[in-house]
Amino acid sequence: MAYFLFRRTLGFVLTLLAVSLVVFAVMNVLPGDPALTILGMDASEDAIAALREQLGLNEPLVTRYVSWVWNALQGDFGLSHSFRVPVSELIAERLPMTISLAVAGMLVTLVLALGLGITAAAQHGRAGDWGVMFLSQLGIAVPAFWLSILLVMLFAVKLRWLPPGGFAGWDDPAAALRSLILPTVALALVQSAVLARVTRSSALEVMRQDFVRTARASGLSRRRVLWRHVLPNALVPIVTIVGMQFAALVTGTIVIENVFYLPGLGRLIFQSIANRDLPTVQALVMLFAAIVVTANFVVDLLYVVIDPRLKARA
Amino acid sequence: MSEPTLSRTLPALALAFGLMASASAAAELVIGMQQEPTSLDPTADATASIDSMMTQNVFESLTIVAENGEVQPNLATSWEVSEDGLTYTFTLAEGVAFHDGSTLDADDVVYSFDRAMGEDSVNPSKDIFEPIESVKAVDPQTVEITLKNKDAFFLFNMGQGDSAIVASESVETNNANPVGSGPFKFDSWTRGDRLTLVKNPDHRDAAEVALDKVVFRFISDPAAATAAMMAEELDAFPGFPAPELLPQFEADPRFRVNVGSTEGEVILAMNNAKPPFDNVEVRRAVATAIDRDEIIEGAMYGQAVPIGSFYPPHGTAYVDLTDAYPHDSTKAEEMFEAAGVAGATMTLRVPPFPYATRSAEIIQNQLSEAGIDAKVENVEWGFWIDEVYKKKNYDMTIIAHTSPNDMGNFARGPDYFYGYDNAEMTALWEKIQTEVDAEARNELLKQGQQMLSDQSVHGFLFQLPLLGVFRQEVEGYWSSSPVLYMPLKNVSIAN
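Residues numbered from 1 in each chain as written. Chains lettered and ligands numbered in written order. Predicted model: local features only at pLDDT ≥ 70, side-chain atom pairs only at ≥ 80, totals over all residues.

Per an unreviewed UniProt entry, chain B carries the name ABC transporter substrate-binding protein and comes from Sulfitobacter faviae. Looking at chain B in UniProt, the text filed under Sequence similarities (unreviewed entry) is "Belongs to the bacterial solute-binding protein 5 family." For chain B, the Subcellular location (unreviewed entry) comment in UniProt is given as "Periplasm". (UniProt positions renumbered as here; feature names shortened; annotations may be inferred.)

Chain A goes by ABC transporter permease in an unreviewed UniProt entry, where it is assigned to Sulfitobacter faviae. What UniProt records for chain A under Subcellular location (unreviewed entry) is the sentence "Cell membrane".

Quick look at the structure:
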């Protein structure tokens, strides 16, 4: 187990290092100058030069990269070129928003997908199955962006049941939850379509096996067999997809946050790339990479929990 | 239409205090803004939305510009100009204080100017301070500014956000916590969400200010902006990004739509230093090939005024030159042939603004009707600034120049991204800058417009409109703007 953890941690660190190198290289190769973006077209040459000096852009690339890594290891991600406040502060104030959205999205996705997927498998060949297949096809085809706008037009503009966007702040939990409903639904509808299909096919696989027939034959109810015997055994492929989807959810918040004007990390990374704000982009991409790697790590741990047979190998 | 009670229960912070006809209720205005800035200091960042929110609301300058373009007193209640036009003596208002309580006097004015003109200055409009020789505090209420040469735009420039008066104690953190002297104080900024200002009760004009609180909400997506307006989460959206979505507001009795003018000239810039655009006949052919009306209809849904040269139609010196090159595809084709570029390929590198990308498609079509193979390249803003603006790596591009009094762009010589080299224009602009008599200056400006049109330096397309959507009860907003700001002290909500 210890060796397993060591290998994974090493992989984690190496991945982050590689990501940081790539981001640094790409941002510096991309045409565009943060100083010019800040001061605009009509600025004088010496004002731009003065700002470049202030932002430390005249140092050689290697020096800038090495000092960035050194500081990052100590938890200092530098000052944002455009906001001129510590990057860690920028991220800290927006992280809760994005994480809340991703977690809420994941939970709704799980409930919807598992429910629909298992139901479809149980109703295999009948109306329920076809219904779920059709809906999931629709869900996969529909872009989240477009769906979001439709939801806003119906629930916020026409019916006035929910706010069209924005985040009311956690001071008023009821209002905060109301602002999260539409964005979560938009995220979840698309993701659960994919997961429902995976659940369905995995469940069908398991249902074909002998032990299921035995369980039914020994008098256990259909429902009990489905939820206590089929689902737990169908979990391995489902958990794999969930791991990948969590990463997709976190990065998918970029689009959702823009449509619902939520103050999350998605909008920040979008804005920072356009502004060529290297320190912020660097820290954010590293954060997303860390989340993805962690999600996969958790999935790997979950495998061992779900399927004790794998424990021996780990 | 849903009942008023349902709309009142919406959780949006902004509408919490309501807009009811009650003397004790605080008057709160919620304004939608498309672009969120990353800094709140107009003297260190050029982003236009900083000026729309901060200038003359939180920060103040010596003078202020009115809606009709007239310069009026602000922090300086009056001024005297010496005989030779080189020395300005400003008398400052009494009892002015910064929002942190410290007094604003001549020393702060001197500090602000020294900072803007200094070697390390990162002021985005540093060249408006270029004519200044010295700034002196004669006494706490009097400032004397001496110029190197006469500057016709001096008083106007002193009314911009770049020349705002700041305090040395608070200037370092003005990007996140702006401290000014204006009728509104900065309250809070939740990045990515909203920015709040509150009325400054100690301001000398506080009695005239009708609003107690102003909340700016940042919504970049036009569909989301429309939804927010329709759901009555916002009271105003003064810079509405999508002309195609206006009709639904025009049809709705709750709202009024304003189509005003700005100082932004939208041009089809041609790289005058790169063949074949160094040939005036080719440039004239391009001008003949394009059809402004079709571009305005298609790109701006009819909501823009065409221009024939580089000057706003609402300006006092405007000359209508839109008929200098009447649209004629056949004639344009002949002109291209005569110049030896028939069937040539021309690249149009366009930044990601709707006015630019939409116009590009239409122009591409119009050029192909004149036998030119025009290719459109949609590029990112950072790319545009580097490749097109800095490196002049382009054939044609579409851009809006939003600064007032910017005909001087054509006097910047071939190093400027236009690649335009004309000593006559440079000399004319110098005369314009130093001509303090308005009538004489207007005559010179007319000459300048004629020159630019004769040489068809660029394709002059249209003036960028100021599109705003407002709830009927909101009053006091400017219809057009000669500058980049809009003073909120004149805005009120009727009952």
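Additional details are given in the paragraphs that follow.
A.B. asks: Is there a simple way to explain the environment of Asp235(B) in this structure?
C.D. replies: Residues and elements named next belong to chain B. Inspection of the secondary structure assignment puts Asp 235 in the loop between α5 (222-230) and β11 (236-237). We classify Asp 235 as buried; it has 23 C-beta atoms within 10 Å. Each C-alpha atom of the pair Asp 235 and Glu 473 lies 8.6 Å from the other, and the pair is 238 residues apart in sequence. (Helix = DSSP H or I, 4+ residues; strand = E, 2+ residues; numbered from the N terminus. Buried ≥ 20, exposed ≤ 12 C-beta atoms within 10 Å, placed from the backbone.)

A.B. asks: What is the right way to read the UniProt feature "domain: Solute-binding protein family" (unreviewed entry) in chain B from this model?
C.D. replies: Under the present numbering, the feature "domain: Solute-binding protein family" (unreviewed entry) in UniProt falls on residues 70-403 of chain B. The span residues 70-403 of chain B is 25% helical and 26% strand by assignment, and the distance between its end C-alpha atoms comes to 16 Å.

A.B. asks: How should the interface of chain A and chain B be read in this particular structure?
C.D. replies: It is common to give the size of an interface as the accessible area lost on bringing the parts into contact. Taken together, the 49 residues of chain A in the interface contact 45 residues of chain B. When contributions to the side of chain A that touches chain B are tallied by element, the ones reaching two or more residues are α2 (34-39), α3 (45-54), α5 (87-122), α7 (144-158), α8 (173-207), α10 (222-259) and α11 (265-274) of chain A. The class makeup of the residues in the side of chain A that touches chain B is 28 nonpolar, 11 polar and 10 charged. (Contact = placed C-beta atoms within 7 Å. Nonpolar A, V, L, I, M, F, W, Y, C, P; charged D, E, K, R; others polar.)

A.B. asks: Could you clarify how one ought to interpret the domain arrangement of chain A in this entry?
C.D. replies: Residue and element names in this part refer to chain A. Each domain of chain A was delimited in the assignment, giving domain 1 (2-73) and domain 2 (93-313). Centre-to-centre, using C-alpha coordinates, domain 1 lies 33 Å away from domain 2. Between domain 1 and domain 2, the contact holds 14 residues from the first and 12 residues from the second. Those elements that place two or more of their residues in the side of domain 1 that touches domain 2 are α1 (2-29) and α2. Tallying contributions element by element places α1 first for the side of domain 1 that touches domain 2, with 9 residues. Of the residues in the side of domain 1 that touches domain 2, the class split is 8 nonpolar, 4 polar and 2 charged. (Domains from an automatic or database assignment.)

A.B. asks: I'm lost on the UniProt feature "transmembrane region" (unreviewed entry) in chain A in this one. Help?
C.D. replies: Residues and elements named next belong to chain A. Per the UniProt entry, the sites bearing "transmembrane region" (unreviewed entry) are residues 99-122, 134-157, 177-198, 230-261 and 281-306 in this numbering. Helix makes up 92% of residues 134-157 and strand 0%, and the two end C-alpha atoms of the span are 28 Å apart. Helix makes up 94% of residues 230-261 and strand 0%. Its end C-alpha atoms lie 41 Å apart.

A.B. asks: Would you take a moment to explain the sheet that holds strand β5 (residues 87-92) of chain B for this structure?
C.D. replies: Note: strands within a sheet are paired through backbone hydrogen bonds, in either parallel or antiparallel orientation. All names here are of chain B. Taken in spatial order, the 4 strands of this open sheet run β4-β5-β7-β6, and their pairing is antiparallel. Each edge of the open sheet carries a strand with a single partner, namely β4 (76-81) and β6 (132-139). When strand polarity is set aside, the average angle formed by the axes of neighbouring strands in this sheet is 20°. As paired elements, β5 and strand β7 (residues 142-147) share 5 bridges and run antiparallel to each other. Bridging across to β7, Tyr 88 finds its partner in Ile 145. Packing of helix α3 (residues 106-117) onto the sheet brings it into contact with β5, β6 and β7, and relative to β6 it is tilted by some 165°. (Pairing = 2+ DSSP bridges. Axes fitted to C-alpha atoms, helices over the stretch in contact; angles between N-to-C directions.)

A.B. asks: Honestly, the packing of α5(A) against helix α6 (residues 127-141) of chain A in this entry has me stumped. Any pointers?
C.D. replies: Packed helices, taken two at a time, are described by their axes: the angle between them and the distance between them. All names here are of chain A. Contact geometry of α5 with α6 gives a least axis separation of 7 Å together with a crossing angle of 140°. Between α5 and α6, the angle is such that the two are oblique. For α5 against α6, the interelement crossing comes out left-handed. In this structure, α5 uses Leu 116, Thr 119 and Ala 120 to contact α6, whose residues at the interface are Gly 128, Asp 129, Val 132 and Met 133. The class makeup of the residues in the contact of α5 with α6 is 4 nonpolar, 2 polar and 1 charged. (Parallel < 35°, antiparallel > 145°, perpendicular 65-115°, else oblique. Left-handed = near helix turned anticlockwise from the far one by under 90°.)

A.B. asks: Would you mind showing me how to read unusual backbone geometry here?
C.D. replies: Residues apart from glycine generally show negative phi values, whereas peptide bonds are mostly found in trans. Residue and element names in this part refer to chain B. With an omega of 0°, the peptide bond between Pro 275 and Pro 276 qualifies as cis. Along the polypeptide, Pro 276 turns up in the loop between β12 (255-270) and α7 (280-289). The phi dihedral of Tyr 301 falls on the positive side, at around 55°, and the residue is not glycine. Looking at the element boundaries, Tyr 301 is found in the loop between α8 (292-300) and β13 (305-306). Tyr 301 sits in the partly exposed class, given 16 other C-beta atoms within 10 Å. Located in the positive-phi region is Lys 392, a residue other than glycine, with phi close to 55°. Locating Lys 392 in the fold gives a position in the loop between α11 (381-390) and β16 (396-401).

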